[in-house]
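Residues per chain are reported as follows:
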Amino acid sequence: SLLSDVFQREGDGAPGAADEPLQTFLRWCGEVRLKLSDKVYLSKERTVAEYGMLAKEDIEQGHVLFSIPRNALLHQGTSTTKKVLEEEKGCLESSSGWVPLLLALMYEYTCAESYWKPYLSLWPDFRKLDHPMFWSKEERERLLKGTGIPEAVDTDLTNIQKEYNDTVLPFMRSHPELWDPERHSLELYQSLVAFVMAYSFQEPVEDEDDNDDENEVPNPPMMVPMADMLNHVCNHNANLEYTPDCLKMVAVRPIRKGEEIFNTYGQMANWQLLHMYGFTEPFPTNSNDTADIKTSTVYTAAVQETQSEAEQHHLVEKWKMLCEMEMVGEKGVFVFGKNGSLTDTELYTTLKVLCMSKEEFKELQANEGWQEDDGDDEDSKMAQALSLEGLPALAPEWKRLLHVAANLTMDQYLEDMDSDCRLLEEPGALAKLSPRERNALNVRLGQKSILHHLQQLTQHGTA
């Protein structure tokens, strides 16, 4: 049958027989005119996560793997609740911008007659997504201390609760015919936030005038059935395209028979993947991995280098100017990737100002900052200086600051790098780890390897 063709379980005599929710979903796909290529199939076998899409035969670049009409997408404009959400959208504004979608999802997820029931039934328990927001606080601290994820999750949970209590709850109470706070609880709301984080798509804003308008309002997220069946890797082989009538998943390079088909969620470091999507790429395969050094840590490193009260006062003046120039901030970070700094302007300017003599800094103050003449040349110079090749050639004072800041950042983790590396190298040690422990290890090692490299490249500034 058609269903047997598009859903196979390897080494299983009756393809698809064991997965009734998926069979139901595929029947629904046919009803909503979602067109699935006969060169692909869905499976739970030989995929990196729960479900996945695989090539049944060789696929050429440009082949449309599936297309879905826009009326089958799930968002506040297609939900049964669209009228009330549109009419009263003024009272649903929030910092996330997700409230209308989440209200629509709460209604559709708990409605037995929902048009999207076969799609939403694929997720009987959103907590299986295993975002760190579903871990205990103790587990987040034990496994992820130093990665930045525990702080990000604490912020998320605070914001979710505030949004639910201040915006969602009053709205639901004014529409008891659609929502019931007992059923549409904070717990369900939080679970659906994780669902939106992991599986939603945002259509790029069309730039009609070719203006680089930073104030452009992004499109709200939406759920795209079938597209969320594809898993992510940074070296992906498929991409979602948007047309006026439908959305299409298209092969961006040739795909061999038996290969898994991967979409991309963008250039995401492992800490971002775990925080937003609940998974990681195995270390060291994620070429987009990054490590952050807080701007406040660089300040701490600079304080440690001062020899007198006068120097400390001088440092405070320099830092104040950097804040005014918006190079540093209370929650700011300098980001490093596998090829060096990713925040060149901010880091270069910070190091330059912090390492200035009194005379140089007085001149800078007198000029109220420096003039930006050769923008592109200056950017290129900064990028080169803070690349892997350029870092060893930095002035000793600059390297010393970076080295101390990298050391201080490394000290934030509970385990040292050697302990984490042993888990990778010792036979059987990795196999004993739970999925959470393994994901946390991938995050920690991705960050630590970048910081360790930075330590090595700057160590000659420590004399």
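Once a new chain begins, its residue numbering starts again from 1 and follows that chain's sequence as written. Restriction of local features to residues with pLDDT of at least 70 applies here, the model being predicted, together with a cutoff of 80 or more for giving and counting side-chain atom pairs; totals for whole chains, interfaces and linings are based on all residues. As a convention, hydrogens and water are excluded, and side-chain values are obtained from all of the structure's heavy atoms.

Engineer: A description of the sheet that holds strand β12 (residues 333-337) should follow, citing residues and the corresponding values.
Structural biologist: As a general point, the strands of a sheet are linked pairwise by backbone hydrogen bonds and lie either parallel or antiparallel. Pairing between two strands is assigned when DSSP locates at least 2 bridges connecting them. Helical segments are the DSSP runs of H or I of at least four residues, strand segments are the runs of E of at least two, and each set is numbered from the N terminus. Taken in spatial order, the three strands make up an open sheet running β11-β12-β13, and their pairing is antiparallel. In the strand order of this sheet, the two ends are held by β11 (291-294) and β13 (340-341), each with one partner. Across four bridges, the pairing between β11 and β12 is antiparallel. Bridging from a neighbouring strand, Lys294 pairs with Val333 of β12.

Engineer: Run through the nonpolar core, naming residues and quoting values.
Structural biologist: Take the buried Ala, Val, Leu, Ile, Met, Phe, Trp, Tyr and Cys residues and link them wherever side-chain atoms come within 4.5 Å; each set so joined is a nonpolar core. Here the term buried applies to any residue with accessible area under 20% of the maximum for its type, exposed to any over 50%, and partly exposed to those in between, with areas from a 1.4 Å probe on protein chains only. Grouped together as the largest cluster of nonpolar side chains are 88 residues, with contacts concentrated most on Phe25, Leu103, Tyr119, Trp179, Phe195 and Met226. Per-element tally for this core: the top contributor is helix α8 (residues 186-199), with ten residues. Not counting residues up to four positions away in its chain, the partners in contact with Phe195 are Leu105, Tyr119, Leu120, Trp123, Phe126, Leu129, Ser200 and Met223. Counting residues in each nonpolar core, the second largest holds 45 residues, with Ala291, Ala302, Val328 and Met356 among its members. By definition in these notes, contact holds between two residues if any of their heavy atoms fall within 4.5 Å.

Engineer: Tell me what's going on with the layout of surface pockets, and back it up with residues and numbers.
Structural biologist: For each structure, a 1 Å grid was placed over the protein atoms alone; sets of points admitting a 1.4 Å probe that cannot get out are labelled cavities, open sets with protein on both sides within 12 Å along at least five of seven lines are labelled pockets, and lining residues have an atom within 4 Å of a point. Grid points are joined across faces, edges and corners, and a volume is the space filled by probe spheres set on the points. In this structure, the largest pocket occupies an estimated 1000 Å³ of space. Taken together, 36 residues form the lining of the largest pocket, with Val48, Ala49, Glu50, Asn231 and Phe279 sitting closest to its centre. Contributing elements (two or more residues each) for the lining of the largest pocket: α8, β7 (231-232) and α17 (435-458). Per element, the largest residue contribution to the lining of the largest pocket is four residues, and it comes from α17.

Engineer: How would you summarise the pairing of strand β3 (residues 52-55) if you had to cite specific residues and measurements?
Structural biologist: Across a regular strand the side chains alternate sides, sitting on one face of the sheet and then on the other. Here β3 shows no split at all, with Gly52 and Leu54 on one side and Met53 and Ala55 on the other all buried. When β3 meets strand β10 (residues 260-263), the two strands line up antiparallel, connected through two bridges. Paired with Leu54 across the bridge in β10 is Glu260.

Engineer: Before we move on, could you go through the packing of aromatic side chains and cite the residues and values that matter?
Structural biologist: The pairing test for Phe, Tyr and Trp rings, Trp by its six-membered ring, is centres within 6.5 Å, and the orientation test on the planes gives stacked under 30 degrees, edge-to-face over 60, and tilted for anything in between. For the structure shown, the criterion picks out 17 aromatic pairs. Here the aromatic rings of Phe25 and Trp28 are separated by 6.0 Å at their centres, their planes lie at 25°, and the arrangement is stacked. Remark: Trp28 and Phe25 occur in helix α2 (residues 20-31); sequence separation between them is three residues, near one turn of the helix. For the pair Phe25 and Trp28, one class covers both residues: buried. Ring centres 4.4 Å apart and planes at 25° place the aromatic pair Tyr265 and Tyr277 in the stacked group. Highlighted residues: Tyr265 in the loop between β10 and α9 (270-277) and Tyr277 in helix α9, separated in sequence by twelve residues. Ring pairs connect the aromatic residues Phe25, Trp28, Tyr109, Tyr115, Trp116, Tyr119, Trp123, Phe126, Phe195 and Tyr199, which therefore count as one cluster.

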